[in-house]
Number of protein chains: 2
Amino acid sequence: MRVSPLAPKSFPHIPSIEGVEFATASVGIKHTGRTDVMLAKISPGATIAGVFTRSATRAACVLDCQEKIGHDTPQGAAILVNSGNANAFTGSAGQASVDRICAAVSAKLGLPSRAVFTSSTGVIGEVLPDEKITKSLTELSQSFKAAGIEAAANAIMTTDTFAKGSSKSLRIEGKTVTIGGIAKGSGMIAPDMATMLAYIFTDAKIGYSDLQSLLGNSANKTFNCITVDSDTSTSDAFICAATGASNVDVSSNIEFASALEGVMLDLAQQIVRDGEGATKFVKIAVSGAASQADAHKVAMSIANSPLVKTAIAGADPNWGRIVMAVGKSGAKADRDRLSIWFGPHLVAKNGWVASSYSEEVGAEYMQQNNLSIRTDLGVGGSSATVWTCDLTHGYIKINADYRS
Amino acid sequence: MRVSPLAPKSFPHIPSIEGVEFATASVGIKHTGRTDVMLAKISPGATIAGVFTRSATRAACVLDCQEKIGHDTPQGAAILVNSGNANAFTGSAGQASVDRICAAVSAKLGLPSRAVFTSSTGVIGEVLPDEKITKSLTELSQSFKAAGIEAAANAIMTTDTFAKGSSKSLRIEGKTVTIGGIAKGSGMIAPDMATMLAYIFTDAKIGYSDLQSLLGNSANKTFNCITVDSDTSTSDAFICAATGASNVDVSSNIEFASALEGVMLDLAQQIVRDGEGATKFVKIAVSGAASQADAHKVAMSIANSPLVKTAIAGADPNWGRIVMAVGKSGAKADRDRLSIWFGPHLVAKNGWVASSYSEEVGAEYMQQNNLSIRTDLGVGGSSATVWTCDLTHGYIKINADYRS
């Protein structure tokens, strides 16, 4: 598998987070010769919050997490993730698998079952061979390492072309607080794995409702603002565990909120950079919208348009397709107030091509790997930004030239 | 240009419609050596109704038509269509072009300007060279032919790979009523031409509000139920002219309504069969939905999903992607009541793969060119059907491997 041309040079250095340890194993769920299970052990008293897919056909493990999130974990908690099988659309067998895994982890680590969270990512519709996972728990429980986060990032990949990680440390009240996270998603060869999973750990001290509201707010500006192909998975899950080991209360701390959101955004953008077949990373900014919802709607309409995405793939400064995507979005717009920029270049203004614009300038700009397209609707004061990638032969190759 | 593998064998025989004549010309708007203007002359007293794109960035000619539709045309009417340039997003120059064309047609044919309707299809953002069109009016006005509808269908194509026509004749009150129509759309090489245009003519007698309401209702079951790539054009227009020459009043005639809808559906499906890069024609039916809107939403979510469309291109019976598309649609759904059929084969039932289903049967079915995918949501009594095509390397080639 060729690594995405948009990948970061290497996996970042992520300091250990006090109160979190990782273990990984190769259990052969779908492929052998690679790790496919990761187990994270979280210290007693940690706060766990999460955000999950809104899909009406979500997987058993997602429903199980949603039920458990919000309870205290005085004895500690665990997160187990397997790749290679999504345990989605598997009827009652799905929940039975989740229950068996949680019971086994619970027994092995001495935790209540409701403190065990699981995610599964891979093929939809096949029963999860959960005994392969439960059999590996002895091995896993003997190999916990505080420095194991990069191995964990590798174990949760399906056909991602690189492991995704991010971290930030900040000084609060003279002490250091560290945030470290991993994610997987959007590099897909076997079908039905358009899943996004992300896990962030921190030694900050924060209560559940504060952490949950931070996650919700920031997810709306990060993970919910990326798109590769407009297809929402059955298994999206993002869980954050705050161990409190630093003894720094960050409940209303703006710097912490901003650092956490920064880590989320970094992981979200890495997922786009590993988008199927992607050769260009594109920031789509919309301003001058009548409402926040309208701004997001227009930005997503542009980011999801196959005609816009193929134009970008072809390095074609095709601003007519941007106009089309604005028009179809359903948001309030006025053709004669619309302005469009490709990077620093004003392309269209007040409903027509700008006199200062030349096709040559646009064509040269579009050659770059990192693009920025801005649209001002001129009908209000709201704005939004989303990130996407281009639509290439690589996407078709990955998803059509293949038999499941 | 290779003709779509899904094209009908030949252009259908369409009888002349009394009260309608056609003329075409080659004026060289974008390409030479092909006809690119068609003019239809409609007899005095005809009823004209129409349905247009709801895009917020619609073209000047669309706005002009919408303003004119609904007025009587006691002196007759005319429809002029050019291909090669969409006259969209051209600021005030756009309406000026429309005005000059309408004034010239009005003078040449002795009609009030408000009885002249125009459509333009082609590149967005370039000023329409309207003098090329107005200069051709003398030639056009000398070559009207009742039998010119096939030539008209050819003149309005952009990069369609075949001309699209359909007709139906029916006996009402012992007399024959004829409906004939043409359309263009969805075969695209030069960018920015994702437009659908359709024109239907009939010698039936019907008032404006009756005809308009027939069009609106039927458009919701035909043209509004097709999708190639989810991108809505700035220029979609569908106009129907009823000359009344048969002297058969069809105001509340169900057979006429059904025949008209049949012609609309045939044209709509021909557009899908000429979808960019299409190799498969796919009917998506949804039943058991909580509401009509939900049924349509789920059907369109499946039909527009890049992952579903690429699976179809690869002849992959990937029902997990159908589950995903149901889940993301936002419609009411219950994973454990979902059933899916590929043609006659039950694939999934009550949230899991059907025991009678085998991957081999599904894979063999998916080899066909004409596919039918049915989903029952099991949560209500509403249903909807839409038509789409697959997403192939051909689509990427047409839209990305090209510089505008």
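Residues numbered from 1 in each chain as written. Chains lettered and ligands numbered in written order. Predicted model: local features only at pLDDT ≥ 70, side-chain atom pairs only at ≥ 80, totals over all residues.

## Here we look at the sheet that holds strand β9 (residues 226–227) of chain A
Residues and elements named next belong to chain A.
Link 1 in the chain: Strand order in the open sheet formed by seven strands is β9-β16-β11-β15-β12-β13-β14, and the pairing between neighbours is mixed. Strands with a single pairing partner mark the edges of an open sheet, and in this sheet they are β9 and β14 (352–353).
Link 2 in the chain: Pairing of strand β12 (residues 339–342) with strand β13 (residues 345–349) involves three bridges; the strand directions are antiparallel. The residue bridging Phe342 from the neighbouring strand is His345, located in β13. (Pairing = 2+ DSSP bridges. Helix = DSSP H or I, 4+ residues; strand = E, 2+ residues; numbered from the N terminus.)

## Observations regarding the relation of the copies chain B and chain A
Superposition of the two copies of the chain requires a rotation about an axis together with a shift along that axis.
Link 1 in the chain: When chain B is fitted onto chain A, the two copies agree to an RMSD of 0.0 Å after a turn of 180° and an axial shift of 0.0 Å. Accordingly, the operation relating the two chain copies is best matched by a two-fold axis. Distance from the rotation axis, computed per C-alpha, reaches its smallest value in chain B at His393(B): 3.0 Å. (Least-squares fit on C-alpha atoms with pLDDT ≥ 70 in both.)

## Observations regarding the pairing of strand β6 (residues 164–172) of chain A
Residue and element names in this part refer to chain A.
Link 1 in the chain: Of the strand pairs in this sheet, β6 and strand β7 (residues 175–184) are connected by nine bridges, and their pairing is antiparallel. Within the sheet, the bridge partner assigned to Ser167 lies in β7 and is Gly180.
Link 2 in the chain: Between β6 and β7, which pair antiparallel one after the other, the connecting turn spans two residues, and Glu173 there sits at a positive phi close to 50°.

## Section: the sheet that holds strand β4 (residues 77–85) of chain B
Residues and elements named next belong to chain B.
Link 1 in the chain: In spatial order, the strands read β1-β2-β4-β5; together these four strands make up an open sheet with mixed pairing. Of all strands in the sheet, those bounded by a partner on one side alone are β1 (20–25) and β5 (116–123). Strand-to-strand, the axes of this sheet are offset by a mean angle of 15°, without reference to chain direction.
Link 2 in the chain: Two strands pair when backbone bridges link them, and β1 and strand β2 (residues 37–42) are joined in this way by six bridges, in the antiparallel orientation. If you follow Ala25 over to β2, its bridge partner there is Val37.
Link 3 in the chain: Strand contacts of helix α2 (residues 91–109): β2, β4 and β5, with the helix running at about 135° to β5, the strand carrying the most contacts. (Axes fitted to C-alpha atoms, helices over the stretch in contact; angles between N-to-C directions. Contact = placed C-beta atoms within 7 Å.)

## Points about the nonpolar core
Nonpolar side chains tend toward joint burial in soluble globular proteins.
Link 1 in the chain: Formed by 272 residues in total, the largest nonpolar core has its most connected members in Ala78(A) and Ala78(B).
Link 2 in the chain: Ignoring sequence-local partners within four residues, the contact set of Ala78(A) consists of Leu39(A), Ala40(A), Lys41(A), Ile42(A), Val105(A), Leu109(A), Leu111(A), Ala115(A) and Val116(A). (Core = buried A, V, L, I, M, F, W, Y, C linked by C-beta atoms within 7 Å. Buried ≥ 20, exposed ≤ 12 C-beta atoms within 10 Å, placed from the backbone.)

## Brief notes about the environment of Val272(B)
Link 1 in the chain: Along the chain, the position of Val272(B) falls in helix α7 (residues 254–273).
Link 2 in the chain: Along the sequence, Val272(B) and Cys389(B) sit 117 residues apart, while their C-alpha atoms lie 6.2 Å from each other.

## Some remarks on the interface of chain B and chain A
Link 1 in the chain: Across the contact, 53 residues belong to chain B and 53 residues belong to chain A.
Link 2 in the chain: Elements supplying a minimum of two residues to the side of chain B that touches chain A: α9 (306–313), α10 (319–328), β14 (352–353) and α12 (393–400) of chain B.
Link 3 in the chain: For the side of chain B that touches chain A, the leading source of residues is α10(B), giving eight residues.
Link 4 in the chain: Each residue belonging to the side of chain B that touches chain A can be placed in one class, and the counts come to 21 nonpolar, 21 polar and eleven charged. (Nonpolar A, V, L, I, M, F, W, Y, C, P; charged D, E, K, R; others polar.)

## Brief notes about the domain arrangement of chain A
Interfaces are often described in size by the accessible area the parts lose on coming together.
Residues and elements named next belong to chain A.
Link 1 in the chain: Its domain assignment divides chain A into domain 1 (20–273) and domain 2 (281–400).
Link 2 in the chain: Distance from the C-alpha centre of domain 1 to the C-alpha centre of domain 2: 33 Å.
Link 3 in the chain: Residue-level contacts link twelve residues of domain 1 with twelve residues of domain 2.
Link 4 in the chain: Those elements that provide at least two residues to the side of domain 1 that touches domain 2 are β9 and α7 (254–273).
Link 5 in the chain: Here the side of domain 1 that touches domain 2 gets three residues from one element, more than from any other, and that element is α7. (Domains from an automatic or database assignment.)

## Topic: the packing of helix α8 (residues 292–304) of chain B against α10(B)
Residue and element names in this part refer to chain B.
Link 1 in the chain: Following both chains from N to C, one finds α8 and α10 inclined at 135°, their axes separated by 8 Å at the closest point. In terms of orientation, α8 lies oblique with respect to α10. Every pair of crossing elements has a handedness; the one defined by α8 and α10 is right-handed. For the pair α8 and α10, contact is made by Val298, Ser301 and Ile302 and by Ile322, Ala325, Val326 and Lys328, respectively.
Link 2 in the chain: Its residues assigned to classes, the contact of α8 with α10 comprises five nonpolar, one polar and one charged. (Parallel < 35°, antiparallel > 145°, perpendicular 65-115°, else oblique. Left-handed = near helix turned anticlockwise from the far one by under 90°.)

## Let's talk about the environment of Arg321(B)
Residue and element names in this part refer to chain B.
Link 1 in the chain: Mapped onto the elements, Arg321 comes out in helix α10.
Link 2 in the chain: In this structure Arg321 comes out as buried when scored by C-beta crowding, with 25 C-beta atoms within 10 Å.
Link 3 in the chain: Separated by 13 residues in the primary sequence, Arg321 and Val308 place their C-alpha atoms 5.7 Å from one another.

## Looking at unusual backbone geometry
All names here are of chain A.
Link 1 in the chain: In this structure, Glu173 is a non-glycine residue whose phi angle is positive, near 50°.
Link 2 in the chain: Assessed through the 11 C-beta atoms surrounding it within 10 Å, Glu173 is described here as exposed.
Link 3 in the chain: The residue Asn350 is not glycine, and still its phi comes out positive at about 50°.
Link 4 in the chain: By secondary structure assignment, the location of Asn350 is in the loop between β13 and β14.
Link 5 in the chain: Taking the number of C-beta atoms within 10 Å as the measure of exposure, Asn350 has 14 and is therefore partly exposed.

## Side note on the environment of Val379(B)
All names here are of chain B.
Link 1 in the chain: As for its placement among the helices and strands, Val379 is situated in the loop between β15 (370–376) and β16 (382–389).
Link 2 in the chain: Residue Val379 is classed as partly exposed on the basis of its 18 C-beta neighbours within 10 Å.
Link 3 in the chain: Along the sequence, Val379 and Asn318 sit 61 residues apart, while their C-alpha atoms lie 23 Å from each other.

## Details of the pairing of strand β4 (residues 77–85) of chain A
Residues and elements named next belong to chain A.
Link 1 in the chain: Most of β4 is tucked away: nine of the nine residues are buried.
Link 2 in the chain: With six bridges joining them, strand β2 (residues 37–42) and β4 adopt antiparallel strand pairing. For Ala40, the partnering residue across the bridge sits in β4 and is Ile79.

## Quick notes on α9(B)
Link 1 in the chain: Most of α9(B) is tucked away: eight of the eight residues are buried.
Link 2 in the chain: Within the span of α9(B), buried status applies to Pro306(B), Leu307(B), Val308(B), Lys309(B), Thr310(B), Ala311(B), Ile312(B) and Ala313(B).
Link 3 in the chain: Of the surrounding secondary structure, the elements contacted by the buried residues of α9(B) are α12 (393–400) of chain A together with β11 (281–289), α8, α10 and β15 of chain B.
Link 4 in the chain: Just downstream of α9(B) lies Ala315(B), where phi reads positive at about 55°.

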